[in-house]
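Here is what each chain is made of, one letter per residue.
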Amino acid sequence: MPSQQRRILNLFAFRRIIIPVILGLGVIVYMIAGDLTRSDLASINWRWHSVYFFMLAFLMMVIRDLAYMYRIRLLTGGALNWRKSFEVIMLWEFASSVTPSVVGGSAIAVFILSKEKLGTGRSTAIVVVTAMLDELFYIIMVPVIFMLAGYEKLSVTGKAFTLFGADFSPMGIFFIGFSMIVILTLLLAYGIFFNPGGFKWLLMRITSLRMFRKFREGAEITGNQVVVTSAELRGKNSVFWLKAFGATVFSWTARFWVVNFLIMAFTGSIAFSENMLIYARQLMMWVIMLVSPTPGGSGIAEYFFPVFLREFIAGPAGDLTTLVALSWRLVSYYPYLIIGAIILPLWLRRVYLGRKLIRFRKMEKAPQR
């Protein structure tokens, strides 16, 4: 097995799976020990609506994954059937769950797709396009949801964090992160659709400066990926892009509405304006999770959840923020660790052992000389 494949497969080792589990559960246990009381538990309004909203939260995760599967089938031109699309998406999410958010699962996703006989160039193009579509959704939805929610209600207070040698509030980190996403997405779109060679040249010029030289190798890889992606996507019509972006909207909207439904499961139905505000706060929280150094944002997500959303859950009867945060991670994060751990050995057997068996059978059928 080539060394690069071995390194990627090592990311799926048990020790890497257990790290995010321990981090996430550790923060939750700490929060429960410090915040949760018997009166909080007694304040839970368990009625028929709780089961109803829990079911809707799970349904959102199903819709999210179905939309991802549809998008990957669309981007591969139907080369993957629904079963293979399910395996690819689950392994992709699994990879994102066990690697730091700042690293992400992109390199592993290219590896997974290439093993589905799509070729490295095509696999790279698919991964780059999915990243661009995800960021484009975010850039469009932030101003839309912020207007619906009311910008004056979005401000949150919390512990200041040091970034680039300066202290920033959670709001400050959000605006820095959002600005970087906008700039990078515009540059990526320019490279893919207009001038891939110029995009690579710009990256190489920037990383030729002394302060950015350590990023030169990564910049060259990114430039090559954009050149390959541009060639792969040349000639795609507007219907293709509308379908791909529509699937992206469905998947991300369903992902964010998981929290809305979980909050309603604990507190009851809430007004449309509050739902929009919860949605907007999640958009803000997502930026901080995006730059998290921990696997899958473990620990960071659980910590910032109450910073952004406590006011919608805590009331005079009790504070259920910790329970909602735990439910959120149990619904939207930990299942991918379990499903991925189950699918991974089956997938490895299919893409490695299965091909060896095919070659062996071909050799058996070959005429003897």
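Structure first, text after, so check above.
Remember, predicted model here, so these are calculated numbers, not experimental data.

What counts and what doesn't
Residues numbered from 1 in each chain as written. Predicted model: local features only at pLDDT ≥ 70, side-chain atom pairs only at ≥ 80, totals over all residues. Heavy atoms only, no water. Helix = DSSP H or I, 4+ residues; strand = E, 2+ residues; numbered from the N terminus. Buried < 20%, exposed > 50% of the residue type's maximum accessible area, 1.4 Å probe, protein only. Areas by Shrake-Rupley, 256 points an atom, 1.4 Å probe, with all protein chains shown as cover. Phe/Tyr/Trp six-rings, centres within 6.5 Å; stacked < 30°, edge-to-face > 60°. Lys NZ or Arg CZ within 6 Å of the ring centre and 35° of its normal. Axes fitted to C-alpha atoms, helices over the stretch in contact; angles between N-to-C directions. Parallel < 35°, antiparallel > 145°, perpendicular 65-115°, else oblique. Contact = heavy atoms within 4.5 Å. Nonpolar A, V, L, I, M, F, W, Y, C, P; charged D, E, K, R; others polar. Left-handed = near helix turned anticlockwise from the far one by under 90°. Core = buried A, V, L, I, M, F, W, Y, C linked by side-chain atoms within 4.5 Å. Lys, Arg positive; Asp, Glu negative; His and termini not counted. Salt bridge = Lys/Arg side-chain N within 4 Å of Asp/Glu carboxyl O. Expected span 1.5 Å × (residues − 1). Bend = angle between axes of the 7 residues up to and from the residue. Patch = residues over 30% accessible without salt bridge, like charges linked within 9 Å, V, L, I, M, F, W, Y side chains within 5 Å.

Draft legend 1. Structural view of the overall build of the protein. Counting its regular elements, the protein contains 15 helices and 2 strands. The burial tally for the protein puts 48% of its 369 residues in the buried class. Carbon and sulfur atoms provide 66% of the accessible area of the protein, an area that totals close to 19100 Å².

Draft legend 2. Summary view of the packing of aromatic side chains. Under the defined criterion, the tally for this structure stands at 19 aromatic pairs. Between the aromatic rings of Y138 and W286, the centroid separation amounts to 4.8 Å while the plane-to-plane angle is 45°, which identifies the pairing as tilted. Of this pair, Y138 sits in helix α7 (residues 120–149) while W286 sits in helix α12 (residues 272–290), and the two are 148 residues apart along the sequence. Both residues of the pair, Y138 and W286, count as buried. On the numbers, 5.6 Å between centres and 40° between planes, the contact of F146 with F174 is tilted. Pair noted here: F146 is in helix α7 and F174 is in helix α8 (residues 170–193), with a separation of 28 residues, a long-range link. Accessibility classification places F146 together with F174 in one group, the buried group. The ring of F240 has K236 sitting right over it, with the charged end atom 4.9 Å from the ring centre.

Draft legend 3. Up close: the side chain of R71. Mapped onto the elements of the fold, R71 is located in helix α4 (residues 48–75). Assessed through its relative accessible area of 4%, R71 is described here as buried.

Draft legend 4. Looking closely at the packing of α7 against helix α10 (residues 216–233). One can describe the packing of α7 onto α10 by two numbers: an axis separation of 8 Å at closest approach and a directional angle of 95°. If you check the angle between α7 and α10, you find them roughly perpendicular. Here G121, R122, T124, A125, V128 and V129 of α7 come into contact with α10, specifically with Q225, V228, T229, E232 and L233. Looking at the contact of α7 with α10 residue by residue, the classes come out as 5 nonpolar, 4 polar and 2 charged.

Draft legend 5. How the structure looks around the environment of S230. Structurally, S230 is set in helix α10. Spatially, the C-alpha atom of S230 lies 9.6 Å from that of A189, the residues being 41 residues apart in sequence.

Draft legend 6. Highlighting the packing of α4 against α7. Following both chains from N to C, one finds α4 and α7 inclined at 130°, their axes separated by 11 Å at the closest point. As the angle between them shows, α4 and α7 are arranged oblique. You can see that α4 and α7 cross each other, and the crossing is right-handed. Facing α4, whose interface residues are R71, I72 and L75, α7 presents I126, V129, T130, L133 and D134. Of the residues that constitute the contact of α4 with α7, the class distribution is 5 nonpolar, 1 polar and 2 charged.

Draft legend 7. The nonpolar core, seen in detail. Y138, Y279 and F305 are the most contacted members of the largest nonpolar core, which totals 102 residues. If one sorts the elements of this core by residue count, helix α11 (residues 238–267) sits on top with 15 residues. Leaving out residues up to four positions away in the same chain, F305 has contacts with V259, M285, R310, I313, T321, V324, A325 and W328.

Draft legend 8. Seen up close, the environment of F266. Inspection of the secondary structure puts F266 in helix α11. Remark: the alpha-carbon pair of F266 and F54, spanning 212 residues in sequence, is separated by 9.2 Å.

Draft legend 9. View of the side chain of D65. Positionally, D65 belongs in helix α4. One buried charge, D65, has no salt-bridge partner; the nearest side chain with opposite charge is R64, at 4.4 Å. Setting aside residues no more than four positions away along its own chain, D65 makes contact with I89, M90 and Y336.

Draft legend 10. Focus on the pattern of salt bridges. Counting across every chain of the model gives 6 salt bridges. We note a salt bridge from E87 to R83, for which the minimum N-O separation is 3.4 Å. Residue E87 and its partner R83 are located together in helix α5 (residues 82–98), separated by 4 residues, close to a single helical turn. The partner of R350 in a salt bridge is E87, and the shortest N-O contact between them spans 2.6 Å. Placement of R350 in helix α15 (residues 334–365) and of E87 in helix α5 is noted, with a sequence separation of 263 residues between them. Residue R350 is classed as partly exposed on the basis of its relative accessible area, which comes to 22%. Residue classification places E87 among the buried residues on the basis of a relative accessible area of 8%. In the salt-bridge network here, residues are joined through shared partners; they are R83, E87, E116 and R350.

Draft legend 11. The arrangement of α7 in detail. With 30 residues, α7 should reach 44 Å at 1.5 Å per residue; the first-to-last C-alpha distance of 43 Å fits that figure. Where α7 bends most, at M141, the angle is about 30°, and the proline P143 comes one to four residues later. Remark: G150 follows α7 within two positions and exhibits a positive phi of approximately 95°.

Draft legend 12. Region of interest: a nonpolar patch on the surface. Side chains of M180, I183, L184, L187, W201, L202 and I206 sit close together on the surface and give an oily, nonpolar patch of about 660 Å² of accessible area. Only α8 and α9 (196–206) provide two or more residues apiece to the nonpolar patch. Per element, the largest residue contribution to the nonpolar patch is 4 residues, and it comes from α8. Considering the arrangement of structural elements, one finds W201 in helix α9. Look at W201 and you get exposed, because its relative accessible area is 56%.

Scope: geometric values only; no functional claims are made or implied.
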